[in-house]
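Here are the chains, one letter per residue:
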Amino acid sequence: MVIQVTDAARIMVETAAKETEASGLPLRIAAVRTPEGGLDYRMGFDDDGIKDGDSQDMAGTVTIVVSAEDQPLLEGTTLDYVEIEPGDHRFIFDNPNDPSHAKKKGK
């Protein structure tokens, strides 16, 4: 499994799929290197479906896919859904491959 999905994130992904009529579509997660060397994360329901080389994992009723080129950047990542501030909930990526990860962990 390339990406672990917490229960909170799984529930929100399943809810989003139902609300946007994307049920049955895979959720594609990607990472892009920023000019500073960090990672920028993207995700969305992919109506193009699963491609050759994609990693596939289930998060409840939703298939999570990661392209072959993004797998090394995302290996070991946890997708979570947290409350940043009261009333402000967001998806976050806890990725040991992200150079800023050590800074976030206080290392």
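Anything mentioned here points back to the structure above.
What you are looking at is a predicted structure, and each value in this text was computed from that prediction instead of being measured. (Residues numbered from 1 in each chain as written. Predicted model: local features only at pLDDT ≥ 70, side-chain atom pairs only at ≥ 80, totals over all residues. Heavy atoms only, no water.)

### Focus: the overall build of the protein
Regarding its fold elements, the protein presents three helices and seven strands. In sequence order, the protein lays out its α and β elements as β-α-β-β-β-β-α-β-β-α. Its C-alpha radius of gyration of 14 Å places the protein within 12% of the 13 Å reference for a compact globule of 107 residues. On the principal axes, the C-alpha backbone points of the protein span a range of 40 × 40 × 25 Å. Within the span of the protein, comprising 107 residues, buried residues form 35% of the whole. The long-range share in the protein, meaning contacts at least 24 apart out of those at least 6 apart in sequence, stands at 50%. When the 11 basic and 21 acidic side-chain charges of the protein are each reduced to a single mean position, those positions are 6 Å apart. (Helix = DSSP H or I, 4+ residues; strand = E, 2+ residues; numbered from the N terminus. Rg over C-alpha atoms; globule rule 2.2 N^0.38 Å. Buried < 20%, exposed > 50% of the residue type's maximum accessible area, 1.4 Å probe, protein only. Contact = heavy atoms within 4.5 Å. Lys, Arg positive; Asp, Glu negative; His and termini not counted. Charge placed at Lys NZ, Arg CZ, Asp CG, Glu CD.)

### Observations concerning the sheet that holds strand S7 (residues 88-94)
Spatially, three strands are ordered S1-S6-S7 in an open sheet, and the strand pairing comes out mixed. Lying at the two open borders of the sheet, with one neighbouring strand each, are strand S1 (3-5) and S7. On average, each strand axis in the sheet is tilted by 35 degrees relative to the strand beside it, whichever way the strands run. In this structure, S1 lies alongside strand S6 (residues 77-85), joined through three bridges in parallel fashion. Counted as the bridge partner of Ile 3 is Thr 77 from S6. Here helix H1 (residues 7-19) sits on the sheet in contact with S1, S6 and S7, set at roughly 85 degrees to S6. (Pairing = 2+ DSSP bridges. Axes fitted to C-alpha atoms, helices over the stretch in contact; angles between N-to-C directions.)

### Some remarks on the sheet that holds strand S5 (residues 62-66)
Taking strand neighbours across the sheet as the criterion, the four strands line up as S3-S2-S5-S4 in an open arrangement whose pairing is mixed. Looking at strand neighbours, the two that pair on one side only are strand S3 (39-45) and strand S4 (55-59), the edges of this open sheet. Between one strand and the next, the sheet's axes are offset by a mean angle of 25 degrees, whatever the strand orientation. Relative to S5, S4 runs antiparallel, the two sharing five bridges. Bridging from a neighbouring strand, Met 58 pairs with Thr 63 of S5.

### Brief notes about the packing of aromatic side chains
In the structure shown here, the tally under the stated rule is two aromatic pairs. Ring geometry for Tyr 41 and Phe 93: centres 4.4 Å apart, planes at 10 degrees, overall stacked. You can see Tyr 41 sitting in strand S3 and its partner Phe 93 sitting in strand S7, a full 52 residues away along the chain. The exposure classification of Tyr 41 matches that of Phe 93, with both residues buried. (Phe/Tyr/Trp six-rings, centres within 6.5 Å; stacked < 30°, edge-to-face > 60°.)

### Some remarks on the nonpolar core
Of all hydrophobic cores here, the largest spans 18 residues; its most connected members are Ile 3, Ile 29 and Leu 74. Of all the secondary structure elements, the ones that give two or more residues to this core are H1, strand S2 (27-33), S3, S5 and helix H2 (71-74). The contacts of Ile 29, once residues within four sequence positions are left out, are Ile 3, Arg 42, Met 43, Ile 64, Val 65, Val 66, Asp 70, Leu 74, Leu 79 and Phe 93. (Core = buried A, V, L, I, M, F, W, Y, C linked by side-chain atoms within 4.5 Å.)

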